[in-house]
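Fold and contact review
Here's the letter readout for the chains.
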Amino acid sequence: MRVVVTGAAGDLGARVVRELTGRGHEVVPASRRTGVDLVSGDGLEAVLGGAQSVVHCADDPSQGDWVTVYGTRLLADAATAHDVHLVHISIVGIDDHPLTYYRRKLRAEKAIAAAGGSATVLRATQFHSLAASFAQRLSFGPLTVTLGELAFQSVDTDFVAERLADLALGPRPAAYARATDVAGPEVLTLPQVATLLRAQRGASAPRVVRVPALTRAMRAFAEQRNVPSPGAAQIGGRTFSEWLASGLPH
């Protein structure tokens, strides 16, 4: 099968490419380097010709709506025109989340649905690396700052890449469809994540300082809206501790 992957040079996209290639399929990376521009639409028609699926991993939050929303809309329209199954990665918990980026991701999903073609959206929780980054940014020496019950059910990026490959190679829906959400095996509070990170380098558990969630977005995280309801997601991949033990993070 011929599968196009946008964002193939990124962390998730590269893993999707590796997964598809390892299963013996033809993978076509789509990026500005290969002449495909999601902002202008240049190159989309050519790269989608002859493809059966396109896995959309490209994103650039620094450009506001341009890639996340408008680029996705262009890709969805082109995929529909070429009868190519679009597989799109999204985020768990964005339906009622005020964070600007999450609202953009929800608009991207709606743009895919409006295109009217064969499309599958897979929502995942935050990757382990993002949970680690949150904890690091909210840690100051021996102190870790947290908001309410802020927690993550973070997921292994490799597991998400495997599911995206499964969807790209599997039966295609007739129209827009949502796959079962994916999440990691455990829910960890931010202080627990910080404790594991400190233990990795031989430090003791941090002193936790709780601060009020002052904005709507902060309150949404404090209320764990980013964590799926029990039984609502497919669970898999390495735990956060197993990911740490792999030596990938620095």
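Check the entry above for the structure.
My aim in this report is to walk through the structure given alongside it, one point at a time. (Residues numbered from 1 in each chain as written. Predicted model: local features only at pLDDT ≥ 70, side-chain atom pairs only at ≥ 80, totals over all residues. Heavy atoms only, no water.)

**Looking at the packing of aromatic side chains**
Under the criterion given, the structure shown has 6 aromatic pairs. Their ring planes at 70 degrees and their centres at 5.3 Å tell us that Trp66 and Tyr70 sit as a pair that is edge-to-face. One end of the pair, Trp66, and the other, Tyr70, are both in helix α3 (residues 65–81), 4 residues apart, so they sit about a helical turn from each other. Judged by its relative accessible area of 30%, Tyr70 is partly exposed. Among the aromatic residues, those joined into a cluster by ring pairs are Tyr101, Tyr102, Phe134, Phe152 and Phe221. One cation-aromatic arrangement involves Arg137 over Phe134; the distance from NZ or CZ to the ring centre is 5.2 Å. (Phe/Tyr/Trp six-rings, centres within 6.5 Å; stacked < 30°, edge-to-face > 60°. Helix = DSSP H or I, 4+ residues; strand = E, 2+ residues; numbered from the N terminus. Buried < 20%, exposed > 50% of the residue type's maximum accessible area, 1.4 Å probe, protein only. Lys NZ or Arg CZ within 6 Å of the ring centre and 35° of its normal.)

**A look at the sheet that holds strand β7 (residues 143–147)**
Spatially, β6-β7-β12 is the arrangement adopted by the 3 strands of the open sheet, whose pairing is mixed. Each edge of the sheet is formed by a strand with only one pairing partner; in this case those strands are β6 (139–140) and β12 (207–211). Two strands pair when backbone bridges link them, and β6 and β7 are joined in this way by 2 bridges, in the antiparallel orientation. If you follow Phe140 over to β7, its bridge partner there is Leu143. Across the sheet, helix α7 (residues 190–200) touches β6, β7 and β12, and the angle it forms with β7 is around 155 degrees. (Pairing = 2+ DSSP bridges. Contact = heavy atoms within 4.5 Å. Axes fitted to C-alpha atoms, helices over the stretch in contact; angles between N-to-C directions.)

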